[in-house]
Amino acid sequence: MTEPSTRYQLIVATSPEELARQAAEQIAAGIDLALAERDRAQIALSGGETPRAAYARLAEEHLPWERVDVLLGDERWVPADDPSSNARMLRETLLAHPPASHARFHPVPTDRPSPQASAEAYASELAVLCPGALPRFDVMLLGLGDDGHTASLFPGTAAPGVLDRPVTTGEGKGLPRITLTAPVLSAARRVIFLVSGAGKRQALARLLDPVEPAERTPARLVRPAGVVVILADAAAAADLPGT
Ligand SMILES: O=C(O)[C@H](O)[C@@H](O)[C@H](O)[C@H](O)COP(=O)(O)O
């Protein structure tokens, strides 16, 4: 039986400021929905460069941030103060000032003796924060690499094929990594891809192509029950029909 096809909602922003605003609004809406039903919300955010402006914009949202658990969808296995650390990027943007700095941040523990030990420690923390067979995040913000990866599920590596645990190790762009696995990305209540730049044009077109194999574009492994929101700028969306 073929998988039911994932439904995508594409929103094309006409400026970097609008892209950041749209992303902040989508994340804030997911948090609001969660907090209307439960005491706390858990969000998983992407690393890389694209989301910086969105996180700076999100930091201004007046939400009950003390009720929000902020985590990362993936992390480079580097010290917390390393320039390539996603945790460092979050501390410089979203978590730099109130009100968002009142959120409870759970960085991937990259201070363990090995990536595997860090992955196990992160999985243990997840089991407490999101109890149940599979951690279910309220919001999952994902980036898209020009090679079709998302989080640290890189094509040609083992990580995209790890389906029996919530966290695994991987490698990408020359760095060892810790990443949530495809089942966790897909279990999220609200999945948002944030994609910017002409360099992502082919990867975005492949992500939206129903016959694109996930082996070549691991971002296609993200198959939530609900609609996947794709926030893109005009440069990334240029090849898409109707844009
Ligand atoms: O740790 C990471 O590198 C990210 O989580 C990764 O999945 C990122 O979202 C994409 O590589 C896009 O990165 P840019 O936004 O820098 O293009």
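Quick caveat, the model's predicted, so the values are computed rather than measured. (Residues numbered from 1 in each chain as written. Predicted model: local features only at pLDDT ≥ 70, side-chain atom pairs only at ≥ 80, totals over all residues. Heavy atoms only, no water.)

## With respect to the sheet that holds strand 4 (residues 74–76)
The pairing of strands in a sheet happens through backbone hydrogen bonds and is either parallel or antiparallel.
Consideration 1: Read across the open sheet, the 3 strands follow the order 4-8-7; overall the sheet is antiparallel. Of all the strands in the sheet, the pair left with one neighbour each is strand 4 and strand 7 (167–172). Taken pair by pair, the neighbouring strands of this sheet meet at an average axis angle of 25°, ignoring direction.
Consideration 2: Judged from the 3 bridges that link them, strand 4 and strand 8 (residues 175–180) form a sheet pairing that is antiparallel. Each residue of the ladder has a partner; that of E75, found in strand 8, is I178.
Consideration 3: Each of strand 7 and strand 8 touches helix 4 (residues 115–129); the most contacted strand, strand 7, lies at about 140° to it. (Pairing = 2+ DSSP bridges. Helix = DSSP H or I, 4+ residues; strand = E, 2+ residues; numbered from the N terminus. Axes fitted to C-alpha atoms, helices over the stretch in contact; angles between N-to-C directions. Contact = heavy atoms within 4.5 Å.)

## Regarding the site of the ligand
Consideration 1: Lining the immediate environment of the ligand, one finds 15 residues, of which T50, D74, H149, A151 and K200 sit closest.
Consideration 2: With respect to the ligand, the backbone of E49 contributes an N or O atom lying 2.8 Å from an oxygen atom.
Consideration 3: At 2.7 Å, a side-chain N or O of K200 approaches an oxygen atom of the ligand.
Consideration 4: In the complex, 92% of the free accessible area of the ligand, which totals 420 Å², lies under the protein chains. (Near = heavy atom within 4 Å. Polar contact = N/O pair within 3.5 Å; in protein donor to acceptor, adjacent residues only side chain to side chain. Areas by Shrake-Rupley, 256 points an atom, 1.4 Å probe, with all protein chains shown as cover.)

## What to know about the side chain of Q26
Consideration 1: Note that Q26 resides in helix 1 (residues 16–37).
Consideration 2: Judged by relative accessible area, Q26 falls into the buried class, the value being 13%.
Consideration 3: Among the polar contacts made by the side chain of Q26, one reaches the side chain of R190 at a distance of 2.9 Å.
Consideration 4: Apart from residues lying up to four places away in sequence, Q26 is in contact with I11, R190, I192, V229 and L231. (Buried < 20%, exposed > 50% of the residue type's maximum accessible area, 1.4 Å probe, protein only.)

## A few points about the UniProt feature "domain: Glucosamine/galactosamine-6-phosphate isomerase" (unreviewed entry) in the protein chain
Consideration 1: In the numbering used here, UniProt assigns the feature "domain: Glucosamine/galactosamine-6-phosphate isomerase" (unreviewed entry) to residues 15–225.
Consideration 2: Each end of residues 15–225 is marked by a C-alpha atom, and these two atoms are 30 Å apart; helix forms 30% of the span and strand 17%. (UniProt positions renumbered as here; feature names shortened; annotations may be inferred.)

## Focus: the side chain of S118
Consideration 1: Mapped onto the secondary structure, S118 falls in helix 4.
Consideration 2: For S118, the contacting residues outside a window of four places in its chain are W77, P109, T110, D111, R112 and I178.

## With respect to the pairing of strand 3 (residues 68–72)
Each regular strand displays side chains that alternate between the two surfaces of the sheet.
Consideration 1: When you tally the buried positions in strand 3, you get 5 out of 5 residues, the bulk of the element.
Consideration 2: Along strand 3, one buried face is formed by V68, V70 and L72 and the opposite face, lined by D69 and L71, is buried too.
Consideration 3: Strand direction decides the pairing type here: strand 2 (residues 41–45) and strand 3, joined by 5 bridges, are parallel. Pairing of A44 across the sheet is with L71, part of strand 3.
Consideration 4: In this fold, strand 2 hands off to helix 2 (residues 52–58), which returns the chain to strand 3; that crossover is right-handed.
Consideration 5: Taken together, the 2 bridges between strand 3 and strand 5 (residues 104–105) define a ladder with parallel strand orientation. (Right-handed = clockwise from strand over helix to strand, strands pointing away.)

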